[in-house]
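Here are the chains, one letter per residue:
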Amino acid sequence: GWSLEVLFRELAGVYGAFAAGAAAPPRLPELSLRYADFSVAQRQHVTGQVLTDLLGWWVPRLTGAPPLDLPADRPRPARRSLSGGIHRAALPSAPVDRLRALGRAEGATPFVALLAAFQVFLARHAGEWDVTVGSPVAGRTLPGTEDAVGFFANTLALRTHLSGDPTFREALRRTRETVLGAFAHAELPFERLVEALAPERDPARSPVFQVMFATRGRVPEAEAGGVRMRMRDGETGTAKFDLFLELTEGAGGAEAAWEFAADLFDPATVERMAERFATLLGGIAADPDRPASALPLLPPDERRRVVEGWNATAAPVDAGLRLHDLFAAQAGRTPGAAALVHGDRVVTYAELDARSARVARALRARGAGPEARVGVCMERTPELAAALLGVLRAGAAYVPLDPAYPRERIAWVLRDAAVPLLLTQRSLAGGLPGEGAEVLCVEDVAAGDAAAAGPDGALPENAAYLIYTSGSTGTPKGVVVEHRSAVALLEWARGEFAPEELSGVLASTSVCFDLSVFELFLPLAVGGAVVVAENAAGLPRLPGRDRVTLVNTVPSAAAELVRAGGIPGSVRSVNLAGEPLGGALAEALYAAGVGVVRNLYGPSEDTTYSTWSRVPRGAGREPTIGRPVANTRAYVLDARMEPAPVGVPGELYLGGAGVGRGYLGRPELTAERWVPDPFGAEGGRLYRTGDRARWLPEGELEFLGRTDHQVKLRGFRIEPGEVEAALLRHPGVAEALVVVREDAAGEPRLAAYVGAGDAAIPADGLRAHLAGLLPAHMVPADFVLLPALPRTPNGKTDRAALPAPEAAAPEVWTAPRTETERGLAALWAEALGRERIGARDHFFRLGGHSLLATRVIAAVWERFGVELPLHRVFEAPTLAGMAAAIDGEREAALGRMLAELETITDEEARLLLAEGEAR
């Protein structure tokens, strides 16, 4: 810039002389110092002790400076292309003048004041309060350099710590100290600094800093011979940094040139940045003593858009409806239609209505009513649906319990929920813990109940169900959801999903997970049929698969169905939720014949689904989680609960009709997660999800992961703290840490790190210990035994120092010995991608995880005709152990069959034979 001004000044003088009639150009003064002289002087000066002193000042101040990753429109490419653009915008004079005046009052130049504002702006965008910005300096300290043309400039890396949320005035003082120190040591060539710092070089970004800032005086102008001349900036179409803001003094404030990397940013994004910077300057001018995090960043129009415009989701809902009212009304309209399909068995709406009514009468006779909680622990049969509806029709709330869960887990939930009544089946009753609850078997209810029906007394604001989620404190937490919230979800869905989509909804999710609310109650509210299955992986062999029109599952399970070619031609739409959805899977589903793919997001605390999107075919980008469903509001907020700008990550908060009541018996945790709604009606609440998200320019939400260490693995939300707490109950475990690690193939796996001192605890023992306490999806695939967990200097666990789990092979390889072992070995080899499997080989040590275990179980059914429970894979993870479990299941099944054969009559036998021949 300096050289160009020298050139412009001399050119204007020469042109003026000619315009005045000069016969020859004026002679320019000789330079007292040329660039070559400067280069030699610099080499001679910056050496020895001078170089040592300069490096001694710079290196400690820049060591460990974090990269500044601004929120971008696209992922950073592996290598920068240097393609760029420029956005020019004027900054109004009033705030710029006030900022300069504030700088003078604090002993700072306009450059320092504007740099401080820019660093606060960057910190707010990146969420990083340790900010390093590059800035060019003229470098013309030697006499005689002021009139020379040449590259005297140097680059300074200006690192300012803005931690502690300082006021802007304090941030200005910190920046002033940074700049004064840097200019006092500006002789060190930047390339020597990079050489000394030796940062890990990345072709995707510039070293030391990624953003540059500069100011310059007014653009040179001249007039000679009636011609006005002005130096004009050109546009090269390149960008050397992620972002480069250059401010030029102007008559009405300042002119801002925002040079940006086109690899990362769209022009519209940079235009919004410019508007926000102007807004920030206005806020600083109005009150420089506000904390940096509280200064306004959003222009009024953008704030209205993210707070109101994209949350205009209000839709009419009947305020008097309860969840079971929707079913009752539909049963009255279509009593003869199929409500439930289970194998070859079909239950009509009238039959389901009658059965659930009998359950309701039996429960009311035993004291069930509004706000009472009834446990339901049953296998996945039509009786389960009747039981759930019966609890609701009794006016009570159901507490779902999976009979596959460990006995201790079921007992804990019964105690925590203070369940007075437990609905179950005779085949399960003997193995369930009592925990003070009266046990009622549905077979006894089916025989009739003499109690009068009468009104149930439940109101829309009464609890409908209580679902337990994984707990960060080491214990599960029960989410109370009211009827009105569940009704609001179904009313949205009734408007979004076409009747032909809901004519056959696959119900494959455990009732202990909130996806089951959608699968069970939505089709029953619109006249569709619920097609019951044990899990989504079993869809290809499901007897009623050709009736399935909608599959509601997690992406990992859908990927397995696509891989196996297991999606029936009857499926019109697939709902995916519970874990991030990749665009490749969506395209694969469309290629498999699915008509509509939806991506849905929502926690149990906000009634299953909060946002949704229809994934367009051939979109060319990763799916988003879309927009809020009807009567739901979504806010992306910063640490002060202020709306984050479009494109800037923040924590996702949810408000509206779906917000649950809270955690049962956990008032402190409820107060922490359910917070007052600053944007809605007085008394309203928002649920703080703990998820990171950001608004995209078109008004859709992009999911970015968790703000804490909670994980979602293969569709399941897992709090590592709960797994760690269970590990610590093992007598040999002193400390434990559970994290997600990737295996050699890049697949995420749950890994447990156990500090056990000198004790030698076999991994199988730990796995068996957890299998008795936790659901199967929460049992880690890998266990790493350490004398003690690594620690950071401040005493915290050093996660970065945890060793990668090793897939250890058995010491002695033993060939499969039985027919079952040999057949199972072939299934393992296909699932695990291995050529040779031995009898002692361990499923998880060979790279297995719960999703692959599900695949193996499906293959076991196909090959051996045995429905092996998932937990058996964790209990018997070796090939020999699993083969023995298969043989045991086959023997048990044969025994049951023989026992049944002994009880049938000759006539029943003839009917069975005739049916078999017909098939």
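Let me begin by describing the structure that accompanies this report. (Residues numbered from 1 in each chain as written. Predicted model: local features only at pLDDT ≥ 70, side-chain atom pairs only at ≥ 80, totals over all residues. Heavy atoms only, no water.)

Concerning the sheet that holds strand β34 (residues 782–786)
Here is step 1 of the chain: If you walk across this open sheet you meet the three strands as β32-β33-β34, and the pairing is mixed. A strand with exactly one partner marks an edge of an open sheet, and here the two such strands are β32 (735–742) and β34. In this sheet, neighbouring strand axes are inclined to one another by 25 degrees on average, regardless of whether the strands run parallel or antiparallel.
Here is step 2 of the chain: As paired strands, β32 and strand β33 (residues 748–755) are joined by eight bridges and run antiparallel to one another. Within the sheet, the bridge partner assigned to Arg741 lies in β33 and is Arg749.
Here is step 3 of the chain: Helix α21 (residues 720–727) rests against β32, β33 and β34 of the sheet, and its axis sits at about 135 degrees to β32. (Pairing = 2+ DSSP bridges. Helix = DSSP H or I, 4+ residues; strand = E, 2+ residues; numbered from the N terminus. Axes fitted to C-alpha atoms, helices over the stretch in contact; angles between N-to-C directions. Contact = heavy atoms within 4.5 Å.)

Let's talk about the packing of aromatic side chains
Here is step 1 of the chain: By the definition in use, this model includes 29 aromatic pairs.
Here is step 2 of the chain: Taking the centre distance of 4.9 Å and the plane angle of 55 degrees together, the rings of Trp674 and Tyr687 count as tilted. Here Trp674 is found in strand β27 (residues 674–676), whereas its partner Tyr687 is found in strand β28 (residues 685–695), with 13 residues between them in sequence. For the pair shown, Trp674 and Tyr687 are each scored as buried.
Here is step 3 of the chain: Positioned above the aromatic ring of Phe497, the side-chain terminus of Arg598 is 4.0 Å from the ring centre.
Here is step 4 of the chain: Arg836 extends its terminal NZ or CZ atom over the ring of Trp813, reaching a point 3.8 Å from the ring centre. (Phe/Tyr/Trp six-rings, centres within 6.5 Å; stacked < 30°, edge-to-face > 60°. Buried < 20%, exposed > 50% of the residue type's maximum accessible area, 1.4 Å probe, protein only. Lys NZ or Arg CZ within 6 Å of the ring centre and 35° of its normal.)

A closer look at empty space enclosed by the protein
Over the atoms, a rolling probe the size of a water molecule traces out where space has been left empty.
Here is step 1 of the chain: One pass over the full model with this rule turns up seven cavities of 30 Å³ or more.
Here is step 2 of the chain: Together, 14 residues line the largest cavity, and Pro71, Thr269, Val646, Gly647 and Val648 are the ones closest to its centre.
Here is step 3 of the chain: When residues of the lining of the largest cavity are assigned to their parent elements, the largest contribution, four residues, is made by helix α8 (residues 267–286).
Here is step 4 of the chain: In terms of residue class, the lining of the largest cavity is built from seven nonpolar, three polar and four charged. (1 Å grid on protein atoms, 1.4 Å probe; cavity = no way out; pocket = protein on both sides within 12 Å on 5 of 7 lines; lining within 4 Å. Points joined across faces, edges and corners; volume = space filled by probe spheres on them. Nonpolar A, V, L, I, M, F, W, Y, C, P; charged D, E, K, R; others polar.)

Re helix α17 (residues 515–526)
Here is step 1 of the chain: The end-to-end C-alpha separation of α17 is 17 Å, in line with the 16 Å expected for 12 residues at 1.5 Å each.
Here is step 2 of the chain: Among the 12 residues of α17, 11 are classified as buried, and the element is accordingly described as predominantly covered.
Here is step 3 of the chain: All of the buried residues along α17 are Leu515, Ser516, Val517, Phe518, Glu519, Leu520, Phe521, Leu522, Pro523, Leu524 and Ala525.
Here is step 4 of the chain: In the segment just after α17, Gly527 is the residue with positive phi, at about 90 degrees. (Expected span 1.5 Å × (residues − 1).)

Quick notes on the layout of surface pockets
Here is step 1 of the chain: When its volume is computed, the second largest pocket comes out at roughly 1600 Å³.
Here is step 2 of the chain: Lining the second largest pocket we find 46 residues, and of these Gly1, Pro136, Ala214, Phe244 and Glu246 sit closest to its centre.
Here is step 3 of the chain: If you list the elements that add at least two residues to the lining of the second largest pocket, you get α1 (2–19), β1 (84–92), β2 (130–137), β3 (154–161), β4 (211–216), β7 (243–250) and β8 (253–261).
Here is step 4 of the chain: Here the residues of the lining of the second largest pocket are counted per class, giving 20 nonpolar, 15 polar and 11 charged.

Things to note about the pattern of salt bridges
Here is step 1 of the chain: Inspection of the entire model under this criterion finds 47 salt bridges.
Here is step 2 of the chain: In this structure, Arg729 engages Glu408 in a salt bridge whose closest nitrogen and oxygen atoms are separated by 1.9 Å. One end of the pair, Arg729, is in the loop between α21 and β32; the other, Glu408, is in helix α13 (residues 407–417), and 321 residues separate them in sequence.
Here is step 3 of the chain: Note on Glu408: relative accessible area 36%, which makes it partly exposed.
Here is step 4 of the chain: Several salt bridges converge on common partners, so that one network encompasses Asp69, Arg76, Arg205 and Asp242. (Salt bridge = Lys/Arg side-chain N within 4 Å of Asp/Glu carboxyl O.)

Quick word on the nonpolar core
Here is step 1 of the chain: Judged by nonpolar contacts, the single largest core of 73 residues is most densely connected at Leu352, Leu363, Val376, Tyr398, Leu423, Trp492 and Phe521.
Here is step 2 of the chain: Among residues more than four places away in sequence, those in contact with Phe521 are Leu323, Leu388, Leu389, Leu392, Tyr398, Leu490 and Ser516.
Here is step 3 of the chain: Of all hydrophobic cores here, the second largest spans 72 residues; its members include Trp57, Ala123, Leu158 and Met212. (Core = buried A, V, L, I, M, F, W, Y, C linked by side-chain atoms within 4.5 Å.)

Brief notes about the packing of helix α5 (residues 110–126) against helix α6 (residues 168–184)
Here is step 1 of the chain: One can describe the packing of α5 onto α6 by two numbers: an axis separation of 9 Å at closest approach and a directional angle of 115 degrees. Considering the relative orientation of α5 and α6, their crossing is right-handed. Residue-level inspection shows Phe111, Val112, Ala113, Leu115, Ala116, Ala117, Gln119 and Val120 of α5 in contact with α6, the latter providing Phe168, Ala171, Leu172, Thr175, Arg176, Val179 and Phe183.
Here is step 2 of the chain: Partitioning the contact of α5 with α6 into residue classes produces 12 nonpolar, two polar and one charged. (Left-handed = near helix turned anticlockwise from the far one by under 90°.)

Digging into the state of the cysteines
Here is step 1 of the chain: A complete count under the given rule lists zero disulfides for this structure.
Here is step 2 of the chain: Note on Cys441: no disulfide assigned, nearest cysteine sulfur contributed by Cys377 at a separation of 11 Å.
Here is step 3 of the chain: Note on Cys441: relative accessible area 10%, which makes it buried.
Here is step 4 of the chain: Here Cys512 stays free of any disulfide, with the sulfur of Cys377 as its closest cysteine sulfur at 8.0 Å. (Disulfide = S-S within 2.5 Å.)

Side note on unusual backbone geometry
Here is step 1 of the chain: Backbone geometry places Glu371, a non-glycine residue, at a positive phi of 70 degrees.
Here is step 2 of the chain: Here the phi dihedral of Thr608 falls at roughly 75 degrees; this positive angle occurs in a residue that is not glycine.
Here is step 3 of the chain: The topology assignment puts Thr608 in the loop between β21 (596–601) and β22 (611–614).

Let's talk about the side chain of Glu605
Here is step 1 of the chain: Structurally, Glu605 is set in the loop between β21 and β22.
Here is step 2 of the chain: With a relative accessible area of 0%, Glu605 lands in the buried category.
Here is step 3 of the chain: Among the polar contacts listed, one links the side chain of Glu605 to the side chain of Tyr663, at a separation of 2.6 Å. (Polar contact = N/O pair within 3.5 Å; in protein donor to acceptor, adjacent residues only side chain to side chain.)

Re helix α16 (residues 483–496)
Here is step 1 of the chain: Spanning 14 residues, α16 covers 20 Å between terminal C-alpha atoms, matching the ideal 20 Å at 1.5 Å per step.
Here is step 2 of the chain: Among the 14 residues that make up α16, 11 are buried, leaving the element largely enclosed by the rest of the structure.

Considering a nonpolar patch on the surface
Here is step 1 of the chain: Judged by side-chain polarity, Leu894, Met897, Leu898 and Leu901 come together as a nonpolar surface patch covering roughly 360 Å² of accessible area.
Here is step 2 of the chain: Considering the arrangement of structural elements, one finds Leu898 in helix α26 (residues 879–901).
Here is step 3 of the chain: Leu898 gets classed as partly exposed once you look at its relative accessible area, which sits at 43%. (Patch = residues over 30% accessible without salt bridge, like charges linked within 9 Å, V, L, I, M, F, W, Y side chains within 5 Å. Areas by Shrake-Rupley, 256 points an atom, 1.4 Å probe, with all protein chains shown as cover.)

Some points on the packing of helix α3 (residues 48–62) against helix α7 (residues 190–197)
Here is step 1 of the chain: Where α3 meets α7, the axes come as close as 10 Å, and the angle between the chain directions of the two elements is 60 degrees. Crossing of α3 over α7 shows right-handed handedness. On the side of α3, the interface is formed by Leu51, Leu55, Trp58, Val59 and Leu62, while α7 contributes Arg192, Leu193, Ala196 and Leu197.
Here is step 2 of the chain: In terms of residue class, the contact of α3 with α7 is built from eight nonpolar, no polar and one charged.

Side note on the environment of Ala331
Here is step 1 of the chain: Topologically, Ala331 is positioned in helix α10 (residues 323–333).
Here is step 2 of the chain: Along the primary structure Ala331 and Leu770 are separated by 439 residues, whereas in three dimensions their C-alpha atoms are 44 Å apart.
Here is step 3 of the chain: Discounting residues that sit within four places of it in the chain, Ala331 has contacts with Tyr349 and Asp353.

Digging into the environment of Gly107
Here is step 1 of the chain: Positionally, Gly107 belongs in the loop between α4 (93–105) and α5.
Here is step 2 of the chain: Note on Gly107: relative accessible area 48%, which makes it partly exposed.
Here is step 3 of the chain: For the pair Gly107 and Leu172, spaced 65 residues apart in sequence, the C-alpha separation works out to 9.9 Å.

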